[in-house]
Amino acid sequence: MHVLLTAVIVVCAAALGLAAGTSLASTFLVPAGSGLAGPVEALGYGLLVAGVAAIAAGVLVWRLDTRALMRVFLVAVLVTGAIAGVLYLRYQQLSAARVAQEETETRSTTVTKTLAPVVAPVE
């Protein structure tokens with residue numbers, strides 16, 4: 001049971017580290033005009049922070065007794081669930097905004113063109 005709880009805590013720490021590292025890197029470390037390389041840089045920083053968080057969590061909880069480990073487990077699962085819920089809601093908001101923007105662009109760019117009849121050259 002101790003190993004299973006430790007594994008879940010390590011996975012939760014890695015997920016939190018990935019979310020925190022990616023969001024902080026995209027805000028502060030990735031330049032605005034980096035194009036398609038920006039998300040890859042942010043993901044790289046996120047993976048780096050996730051690895052460090054997973055190793056740190058594994059080292060910190062390995063020596064805990066089962067009672068303390070259960071408390072840490074509950075806190076880790078609740079915090080990770082809350083962060084995942086917030087990220088999901090933010091994703092839904094961005095998706096709705098993107099769909100609304102596409103509909104607006106489609107309405108404004110739809111123009112009906114009438115073509116003049118083609119007349120054959122007279123010989």
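All of these numbers come straight from a predicted model, not from anything done at the bench.

## So, the overall build of the protein
Each helix and strand in the protein was counted, giving 3 helices and 0 strands. Put simply, the protein runs from its N terminus to its C terminus through helices and strands in the order α-α-α. A compact globule built from 123 residues would reach a C-alpha radius of gyration of about 14 Å, whereas the protein, at 25 Å, exceeds it by more than 25%. Counting only C-alpha atoms, the protein reaches 100 × 25 × 25 Å along its principal axes. Buried residues in the protein amount to 18% of all 123 residues. At a minimum sequence separation of 6, the contacts of the protein that also span at least 24 residues come to 77%. By element, 72% of the accessible surface of the protein is carried by carbon and sulfur atoms, the whole surface being about 9,500 Å².

## A closer look at the environment of His-2
Residue placement: His-2 occurs in helix 1 (residues 2-29). Among all residues touching His-2, those that are not within four sequence positions of it are Val-61, Trp-62, Leu-64, Thr-66 and Leu-69. One polar contact links the side chain of His-2 to the main-chain carbonyl oxygen of Leu-64, over a distance of 2.9 Å.

## Structural notes on a nonpolar patch on the surface
Among the surface-exposed residues, Leu-24, Phe-28, Leu-29, Tyr-45, Leu-48 and Val-52 lie close enough to one another that they form a single nonpolar patch of about 650 Å² accessible area. Taken together, the elements giving at least two residues each to the nonpolar patch come down to helix 1 and helix 2 (37-62). Take Tyr-45: its relative accessible area is 37%, and that puts it in the partly exposed class.

## A word on the nonpolar core
Formed by Leu-5, Ile-9, Val-61, Leu-69 and Phe-73, the largest nonpolar core amounts to 5 residues. Broken down by secondary-structure element, the contributors of at least two residues to this core are helix 1 and helix 3 (66-109). Setting aside its immediate chain neighbours within four residues, Phe-73 contacts Leu-5, Val-8 and Ile-9.

## Topic: the side chain of Thr-80
Here Thr-80 is to be found in helix 3. Excluding residues within four positions of it along the chain, Thr-80 makes contact with Cys-12, Ala-15 and Leu-16.

Each value, and the rule that gives it
Residues numbered from 1 in each chain as written. Predicted model: local features only at pLDDT ≥ 70, side-chain atom pairs only at ≥ 80, totals over all residues. Heavy atoms only, no water. Helix = DSSP H or I, 4+ residues; strand = E, 2+ residues; numbered from the N terminus. Rg over C-alpha atoms; globule rule 2.2 N^0.38 Å. Buried < 20%, exposed > 50% of the residue type's maximum accessible area, 1.4 Å probe, protein only. Contact = heavy atoms within 4.5 Å. Areas by Shrake-Rupley, 256 points an atom, 1.4 Å probe, with all protein chains shown as cover. Polar contact = N/O pair within 3.5 Å; in protein donor to acceptor, adjacent residues only side chain to side chain. Patch = residues over 30% accessible without salt bridge, like charges linked within 9 Å, V, L, I, M, F, W, Y side chains within 5 Å. Salt bridge = Lys/Arg side-chain N within 4 Å of Asp/Glu carboxyl O. Core = buried A, V, L, I, M, F, W, Y, C linked by side-chain atoms within 4.5 Å.

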